[in-house]
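So the chains spell out like this:
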Amino acid sequence: MTGVSLLDVEDLRVRFQRKGQPATTAVDGVSFSVDAGEVVGLVGESGCGKSVTSLAVMGLLPRRGTSISGSVRFDGTDLLALSPSELARRRGRDLAMVFQDPMTSLNPVLTLGRQLTEVLRAHTDLDRAAAKKEAVELLGRVGIPDPRRRAGEFPHQLSGGMRQRVLIAIALACSPRLIIADEPTTALDVTIQAQVLDLLTTLVRESGTAMVLITHDLGVVAGTCDRVNVLYAGRVVESAPRGELFAAPRHRYTQGLLAAVPRVDAPEGTPLHPVRGSVNDRLAWEVGCAFAPRCAHADAACRVPDIALSGPRPEHTARCVHPAGTPLEVA
Amino acid sequence: MTALDALTPQAPPPAEVTGGGGAGPWRSAWRRLRRNPAGIVGAVIVLLFVLVAVLAPLLAPFRPATSEWFGEVTPTSVPGPSDEHPLGLDSYGSDLLTQLIYGARSSLVIGVVSTAVGLAVGALLGVLAGGIGGWVDTVIMRLVDVLLSIPSLLLAVSVAALLGRSPVSIMLAISAAQVPIFARLLRASLLAQRGQDYVVALRSLGLRQRRIVVGHMLPNSLGPVLVQATLTLATAVIEVAALSFLGLGDPNPAVAEWGRMLVTAQDRLDQAPWLALYPGIAIAVTALGFTLLGEALREALDPRSGR
Amino acid sequence: MLTLVVRRLALLVLVLFGLSLLLFAWVRALPGDPARALLGEKATPAGIAAVNERYGFDQPVWQQYLTYLGQIVRGDFGASINTGEPVVTTFFERFPATIELSLAALVLAIVLGIPLGYLAARRRGGWLDNAVVGGSLLGVVVPVFFLAVLLKYLLAIQLGLFPTSGRQDARIDATHVTNFYVLDGLLTREWDASWDALVHLVLPAIALGSIPLAIIVRITRASVLDVLSDDHVRTAEAKGLSRAVISRRHVLRNALLPVSTTLGLQAGALLSGAVLTETVFSINGIGSYLFDAVTQLDYPVLQGFILFIAVVYALVNLVVDISYGVIDPRVRVS
């Protein structure tokens, strides 16, 4: 990596401990970084730890029963070391988040305008009237028709897609330097998904905001991200520039994921290949490759503790003992 | 759903963990119930209460409401505990322990009968409304709404005014207040099941609506009804006492009834506070028993409801 | 919103109409000569004649009903058979005491219940939470009248901290304008009268307040727990709002919706409880009036009482529904 990144997550581990139950490790040493203005994808199946990673970065995990270690450096300061109120001052202003479910992520009893102005009022010196004006402006920017009237309405009066636009407006309100979008389109109708994704990426690119895009959908990544991190069982298993990842995936899991995506340009009749098994059949990383039980290429060599990320170039690394052919082979 | 819930893998249902032959829903509910200390306390209280009520003639040292020792009670004092009367006398000159024991009996009888009547009528209305639907449903539910909108005290006063002061009036008043609760419960339960796959499957097999409702849907509603009935018994015990406290029960002031005993005790609060304390505690403990048992049953039958 | 009010008022009129029909039939259904049944043991030839004249028992039934309806509409519920006083007059003398007590209890329950329920939920599993859950269970199972007797014995009789009975010390020569004693003192600037009435209210209000308190605490706690796990609270946190703003604007405000509905349902229980509490503290409210009416089967009073309470009850619920619409925009629109 060149110089200091905007966001630098290193060896992040999150464990949940609930009374009467064994502790579960949701994030098991995730490292990735995001440069200013860059759009980085975090991809993986549900349960791989991507949402928890984002909540940990934002400091939004419940305090009780959660232990977090590692470091999350944002612009040089370790967010994990900040006090709750210091962190709250940065949330919404320096880094913001767009959530998965627009139907439940807005407060049903407050007007949309109010939910926008309260971020502005918390982090800027705008007075009530100015904040209101800015809120209407923001609603217009995210493509909500008749924003002045809509500002006085309540969430239930809007469709899911419109609500997600409002959540995007809220995230962008204070021009943060980083936005974390957690499955921002998953809960929407397929026809709306593309529109909302387009809007999000356009706004982010225009304003030069960096974004972490969390998704299980490689299709979403393909059109938006500069770089992609593939997560499996709480660790990054492959990290690569977008083009390289799609052209020459090295980790067998990434390969599997790509094979499971339907492609329009594939010849008719090409079968899809689902990744067999589920995330629940996994090894502890301390024992061997967590993906080994589902991997067609796994052998005894895969059962070594803590396999490291490696690759011919630092920009493209994979955590695999038997990686798919080198880029040369593919080319 | 918190982040935690979303992430921890779904715990396998408890029945599979503990194994054991034939882990039906009732059996696993029973197992959960046995492990709930509050539920056990409640069950013990309820059991004791029922035993005392049923065995009253054997347990009580004397006959109730006799005013046999009325001569020993003076305007300024009520005899306290003695060898003959372990808790002393009440202000009408009956043995206090005997009065308390028979008080359990009358609470149980009135409470159980009124709940049984309320349950029977309410369940019938609920099943008709939920099972038949259409205009029957509309008419019944409007009726239930009206019944629900009448404060229970008003209901009780009206019934007592109509039938005179007697335990039967109290029973009727309490059951009238319970009818809407059970009617709504059963209707809601039936409606919730109507759309379920198994009902659709039964219908596709050509089963008659009545068979489906009576043979399949009703048994599935048994759990919530049982829970509600237990909780209702707790309020019934308090209501019985409240209505007889207001003088709607037996006109005889010396009757062995907890609420009534509390009323008469008030005149001698400064000289014999225990006269009020014992029946009051008896009412509270009994209500506590039914409440704890009911809550425990609810949690046992629906593990997710625990909070 | 306006349609809601109009529709509810129309429904109320309908219910009252039905109720009046029932009450009318009720007296007619009493066994034997209606006039004699009405008067019971107090029947004298002169009394029977008077009753016959008032109710027109010698006229056709439909005409009797119209007469009766006309009287009700004019607010004429007849006179108590026991005291001879017009029912309406007695109501306006006594009802303020009951309302005053109920309001005091309700205010106490809300002021204590909502913060306690909120704090219990926020510190779930802590000592306060356990105390609150246990306490609300006790509040449900200990009957109001027993609590009232206990409080009276311990704090009034034994410790002498509060008066044992009544609404005001008889030695205070207070002017009564509205019959709400606390308010009267404020209106006439007789501060000591207000204060004394307030002191008399403390124990009854605590006893009566125990029912709504237990329920408010429980519902608030459960509701706050629900809201705390809602996604929109996480959104508010992600916005970097202060803890206080999140608690007030995003948690408490949403959590109070179910609490406000429950309050409406409590009106009936509060009324029954007030009647019981009044009996213990010898407060001359509606309770003792009703008690006498029931024991002596004073039909005009009972009829009037039933109609009156039905109206009050319906109005309270209407107010609750309206306030519900004010806080919850989803209700307001539909």
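All values reported here derive from a predicted model rather than from experimental measurement.

With that out of the way, let us pick up the interface of chain A and chain C. In this complex, chain A contributes 28 residues to the contact, which on the side of chain C involves 22 residues. Summed over both partners, the interface of chain A with chain C buries about 2100 Å², with 56% contributed by carbon and sulfur atoms. A per-residue breakdown of the area chain A buries against chain C is headed by A:Phe99, A:Val109 and A:Glu118, which together make up 26% of the total. On inspection of chain A and its partner chain C, the count reaches two salt bridges.

Another aspect to go through is the nonpolar core. B:Trp258, B:Leu262, B:Ile283, C:Phe145, C:Leu290 and C:Phe305 are the most contacted members of the largest nonpolar core, which has 103 residues in total. Top element by residues in this core is helix α11 (residues 209-245) of chain B. It accounts for 10 residues. Domain assignment of the residues forming this core places at least three in each of domain 1 (2-73) and domain 2 (92-333) of chain C. Sequence-distant contacts of B:Trp258, defined by excluding residues within four places in its chain, comprise B:Phe49, B:Leu100, B:Gly103, B:Ala104, B:Ser107, B:Pro279, B:Ala282, B:Ile283 and B:Thr286. In terms of nonpolar packing, the next biggest core, distinct from the first, is built from 62 residues, A:Leu138, A:Val142, A:Ala169 and A:Leu257 among them.

Let's shift gears to a positive patch on the surface. A cluster of basic residues, A:Arg114, A:Arg121, A:Arg128, A:Lys132, C:Arg248 and C:Arg253, forms a positive patch at the surface. Taken together, the elements giving at least two residues each to the positive patch come down to α3 (112-123) and α4 (128-141) of chain A together with α11 (243-280) of chain C. For C:Arg253, the position within the fold is in helix α11.

All names here are of chain A. Spatial ordering of the open sheet is given by β2-β1-β4-β5, a layout of four strands whose pairing is antiparallel. Strand pairing shows two members of the sheet lacking a second neighbour, β2 (24-34) and β5 (77-78), which therefore form its edges. Two strands pair when backbone bridges link them, and strand β1 (residues 7-16) and β2 are joined in this way by eight bridges, in the antiparallel orientation. Pairing of Leu12 across the sheet is with Val30, part of β2. Each of β1, β2 and β4 (66-74) touches helix α1 (residues 50-58); the most contacted strand, β1, lies at about 110 degrees to it.

All names here are of chain A. Enumeration over the complete set of coordinates arrives at 22 salt bridges over all chains. For Asp75, the salt bridge is made with Arg177, and the minimal N-O distance between the two is 2.7 Å. Of the two residues, Asp75 sits in the loop between β4 and β5 while Arg177 sits in the loop between α6 (160-172) and β7 (178-182), which places them 102 residues apart along the sequence. Since its relative accessible area comes to 44%, Asp75 is described here as partly exposed. Residue classification places Arg177 among the partly exposed positions, given a relative accessible area of 39%. With a closest N to O distance of 3.2 Å, Asp226 and Arg205 form a salt bridge. One end of the pair, Asp226, is in the loop between α8 (218-224) and β9 (227-232); the other, Arg205, is in helix α7 (residues 190-207), and 21 residues separate them in sequence. One connected set of salt bridges, linked through shared partners, spans Asp11, Arg13, Asp28, Arg235, Glu286 and Asp306.

Quick look at the domain arrangement of chain C now. All names here are of chain C. For chain C, the assigned domains are domain 1 (2-73) and domain 2 (92-333). The gap between the C-alpha centroids of domain 1 and domain 2 is 34 Å. On the side of domain 2, 16 residues touch domain 1, which itself brings 19 residues to the contact. Applying the counting criterion to the domain 1 and domain 2 interface returns zero salt bridges. Put simply, domain 1 and domain 2 have zero residue pairs in polar contact (both at pLDDT 80 or more) between them. Mapped onto the side of domain 1 that touches domain 2, the elements with two or more residues apiece are α1 (2-29), α2 (34-39) and α4 (61-73).

Let us look at the packing of helix α9 (residues 191-228) of chain C against α11(C). All names here are of chain C. It is the contact of α9 with α11, at a shortest axis distance of 8 Å, that shows an interaxial angle of 155 degrees. By the angle between their directions, the pair α9 and α11 is classed as roughly antiparallel. The interaxial crossing formed by α9 with α11 has right-handed handedness. When its residues are assigned to classes, the contact of α9 with α11 shows 19 nonpolar, eight polar and no charged.

This brings us to the pairing of strand β11 (residues 310-313) of chain A. Residues and elements named next belong to chain A. Note: β11 against strand β12 (residues 316-318), two bridges, orientation antiparallel. Bridge assignment links Arg313 to a residue of β12, and that residue is His316. Between β11 and the antiparallel strand that follows it, β12, lie two residues.

Before going further, it helps to spend a moment on the confidence of the model for chain C. Across chain C, the average pLDDT comes to 81, with 92% of residues at 70 or higher. Reported confidences for the modelled complex are a pTM of 0.79 and an ipTM of 0.84.

Inspection of the secondary structure assignment puts A:Asn280 in the loop between α10 (252-259) and β11. When the C-alpha atoms of A:Asn280 and A:Ala290 are compared, they prove to be 9.9 Å apart, with 10 residues separating the residues in sequence.

Now for the packing of aromatic side chains. Overall, the coordinates contain seven aromatic pairs over all chains when judged by the stated rule. Judged by centre distance (4.5 Å) and plane angle (25 degrees), the rings of B:Phe245 and C:Phe145 are stacked. Taken as a pair, B:Phe245 in helix α11 and C:Phe145 in helix α7 (residues 144-158) lie in two separate chains rather than in one. Each member of the pair, B:Phe245 together with C:Phe145, is buried. Arranged with centres 6.0 Å apart and planes meeting at 85 degrees, the rings of C:Phe91 and C:Tyr289 form a pair that is edge-to-face. Here C:Phe91 is found in helix α5 (residues 87-122), whereas its partner C:Tyr289 is found in helix α12 (residues 286-295), with 198 residues between them in sequence. Feature note: the residues A:Tyr232, A:Tyr253 and A:Phe291 constitute an aromatic cluster, connected by ring pairs. Above the ring of A:Trp285, the side-chain terminus of A:Arg319 is found at 5.8 Å from the ring centroid.

What counts, and at which threshold
- Residues numbered from 1 in each chain as written.
- Chains lettered and ligands numbered in written order.
- Predicted model: local features only at pLDDT ≥ 70, side-chain atom pairs only at ≥ 80, totals over all residues.
- Heavy atoms only, no water.
- Contact = heavy atoms within 4.5 Å.
- Buried area = accessible area lost by both parts, 1.4 Å probe.
- Salt bridge = Lys/Arg side-chain N within 4 Å of Asp/Glu carboxyl O.
- Core = buried A, V, L, I, M, F, W, Y, C linked by side-chain atoms within 4.5 Å.
- Buried < 20%, exposed > 50% of the residue type's maximum accessible area, 1.4 Å probe, protein only.
- Helix = DSSP H or I, 4+ residues; strand = E, 2+ residues; numbered from the N terminus.
- Domains from an automatic or database assignment.
- Patch = residues over 30% accessible without salt bridge, like charges linked within 9 Å, V, L, I, M, F, W, Y side chains within 5 Å.
- Areas by Shrake-Rupley, 256 points an atom, 1.4 Å probe, with all protein chains shown as cover.
- Lys, Arg positive; Asp, Glu negative; His and termini not counted.
- Charge placed at Lys NZ, Arg CZ, Asp CG, Glu CD.
- Pairing = 2+ DSSP bridges.
- Axes fitted to C-alpha atoms, helices over the stretch in contact; angles between N-to-C directions.
- Polar contact = N/O pair within 3.5 Å; in protein donor to acceptor, adjacent residues only side chain to side chain.
- Parallel < 35°, antiparallel > 145°, perpendicular 65-115°, else oblique.
- Left-handed = near helix turned anticlockwise from the far one by under 90°.
- Nonpolar A, V, L, I, M, F, W, Y, C, P; charged D, E, K, R; others polar.
- pLDDT = per-residue confidence, 0-100.
- Phe/Tyr/Trp six-rings, centres within 6.5 Å; stacked < 30°, edge-to-face > 60°.
- Lys NZ or Arg CZ within 6 Å of the ring centre and 35° of its normal.

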